[in-house]
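Descriptive analysis of the structure
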Amino acid sequence: MRAYLTYFKLKFISSLQYRTAAWAGIATQFFFGFVYIMVYVAFYESGGKNLPMELPQLVTYLWLNQSLLALVNQFSRDQELFKLIKEGGISYELTRPKNLYFMWYFKIIGQRLANVTLRFIPLVLVTSLLPDPFHFGLPASFVHFIFFILSLSLGTLLVTALSVFYPIVTLTTMSEKGIVNIIITIADILSGIVVPIPFFPKFLQIISSFLPFQYISDLPFRLYVGNVNLADGVFGMCIQLIWIIIFILIGNIMMNKNIKRVVVQGG
Amino acid sequence: MSFIEVKQISKTFKVAKKKSGLKESIKSFFKREYIDVKAVEDISFSIEKGEIVGYIGPNGAGKSTTIKILSGILVPDSGQCKINNMTPWKDRVKYVKKIGVVFGQRSQLWWDIPAEDTFDLLKDIYEIPEKEYLETKEDLIKKLNLQDIINIPVRQLSLGQRMRCEIAASLLHNPELLFLDEPTIGLDAVSKQVVRDFIKKLNKEKKTTVILTSHDMADITSLAKRIILIGKGHVLYDGSLKKLQNKYETEKYVSIKTNDKLAIRNKGVKSKTKTKEGYDLVIDTREISISELLNNISKKITIEDIEIDHEGIDNIIVKLYEDYKI
């Protein structure tokens, strides 16, 4: 266990070396946050009816989305792992006396936590000082906040379990492009990062509830703003847990199968 | 039973075949042809504890593939391998705790952070006890002269400095068996010497078994008493380096400094060229020994100075490759 924590620590130290990337990330997230909010404000002011969320709730949701994007998004893949596979560094990985699946799992989670730590504090600080309609609000209640923390943690485990699949598949396909890119695009849309799930058409909401993606960030964010009641929150967290277990099991099976077929590239 | 016991290992890779050009590329986009490349075939050998074995062969002979099979990275198609009573690819996690691997062409150090941070990570990965870790680290720092470079981000190190750190990283857990796959590739003469001296010392002090591949024959001659020659996936020679040298080292180069005129028609003198200061001779030692030659010459002329040079190990290897047609 300790080795995995050290992985996280090193990922964190490595990421700290790239301060400019962090600043650029913060700027991008501010920009997108403002654009999204302005679009929705225009939409609300033009008199949309039966809207699933109140505007302040939605604004807070959108800021959560932006400030935690580095933690919960699908599209940022751990380039280091793909490089390892494509250029042959996988040799060293396989000479370590550890389960490769969990080694990669913790590398990815370390990278995500490191990236988000550098970005979310300035975003949350600044946006909570902004006037309406851009104001980042407080959680619906203390209990909602606790539920938010719990389900965000589970969401992080879930998104990591999903992200480990991509390098595992790459072990045999030798390229992370193609099918993986298609899956990631769909996954990002269905996770509510582009448009929050409550704004989806009914049929898409039903489809989405049977898929894992909305349990990554949509559930915790809606718990924070109070758009989901606590009972549904508990139910949602059970579903999160089930998906995590399923993905880690399948991931391990695939890893063990693919390791035997590993080809080391580049001599 | 020997420490390392390899029996009839074979491994075949599937390689996509494609002619060059756009038309062929489009064709292969729809229907891909594969050819089987036999990387290693029927490899067998055994190695005792504490040996240093040089594993040599031309590019593409199967050296690295063998190393990767022995270190548990690749799974062979057939054959058996027992190292320390474990099968590398089956008992991988348990087995790799006892081995160290250095791939000269790759890096295990984290690029953006100092080597010492990677060392700390390896300590946790190999679950090395604190005290043992500090001792080993101190020892390695001293022997590989790492004091000044261990705290610099790895990306800022020179190749030679990095390689010394790489070697240290592979030895933190005190492995019984060390695989070195081209550890001196791209290093300058001094760095190479440091690496060689270190490996020699390690083998002597800790009885670490070392399997070494290199294209620099000086590495092999200074470290290994025994070599295994592999070509086109087969073991071609397994035995002492000395024997190989004696067999192939039949030519010697003699330069004589003299003012006299030398007329020599001995058997075994393959060529004679006049130089500014004397003569250069090439002799075949199977036909005439050095002492015989000198005896002969010194009777006729006064020798001011003499230099005897033997064929370099590199030439021997070239001859060897030619003989085995690899």
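Residues numbered from 1 in each chain as written. Chains lettered and ligands numbered in written order. Predicted model: local features only at pLDDT ≥ 70, side-chain atom pairs only at ≥ 80, totals over all residues.

Here we come to the nonpolar core. Within the largest apolar cluster, 129 residues are counted, with the highest numbers of intra-cluster contacts made by Leu158 of chain A together with Val53, Cys165, Ala168, Ala169, Phe179 and Leu212 of chain B. Here this core gets twelve residues from one element, more than from any other, and that element is helix α8 (residues 142-173) of chain A. Look past the residues within four positions of leucine 212 of chain B in its chain and what remains in contact with it is Ile52, Val53, Gly54, Tyr55, Leu180, Asp219, Leu223 and Ala224 of chain B. Grouped together as the second largest cluster of nonpolar side chains are five residues, Ile256, Leu281, Ile283 and Ile297 of chain B included. (Core = buried A, V, L, I, M, F, W, Y, C linked by C-beta atoms within 7 Å. Buried ≥ 20, exposed ≤ 12 C-beta atoms within 10 Å, placed from the backbone. Helix = DSSP H or I, 4+ residues; strand = E, 2+ residues; numbered from the N terminus. Contact = placed C-beta atoms within 7 Å.)

Below, the discussion takes up the sheet that holds strand β13 (residues 305-310) of chain B. All names here are of chain B. Pairing is antiparallel across the open sheet formed by four strands, whose spatial order is β11-β12-β10-β13. Single-partner strands in this sheet number two, and they are β11 (269-274) and β13. Ignoring strand direction, the axes of neighbouring strands in this sheet form an average angle of 15°. In terms of strand pairing, strand β10 (residues 251-257) meets strand β12 (residues 278-284) through seven bridges, oriented antiparallel. Bridge pairing links isoleucine 256 to tyrosine 279 in β12. (Pairing = 2+ DSSP bridges. Axes fitted to C-alpha atoms, helices over the stretch in contact; angles between N-to-C directions.)

Attention now goes to the confidence of the model for chain A. Looking at chain A, pLDDT values average 87 and 98% of them are 70 or higher. Looking over chain A, one finds the lowest element-wise mean pLDDT in helix α1 (residues 2-16) of chain A, namely 79, and the highest in helix α12 (residues 230-259) of chain A, namely 94. (pLDDT = per-residue confidence, 0-100.)

A separate point is the interface of chain B and chain A. Taken together, the 25 residues of chain B in the interface contact 22 residues of chain A. At the level of secondary structure, the elements contributing two or more residues to the side of chain B that touches chain A comprise α2 (63-70), β5 (99-103) and α4 (115-125) of chain B. Top element by residues in the side of chain B that touches chain A is α4 of chain B. It accounts for five residues. Across the side of chain B that touches chain A, the residue classes break down as 13 nonpolar, five polar and seven charged. (Nonpolar A, V, L, I, M, F, W, Y, C, P; charged D, E, K, R; others polar.)

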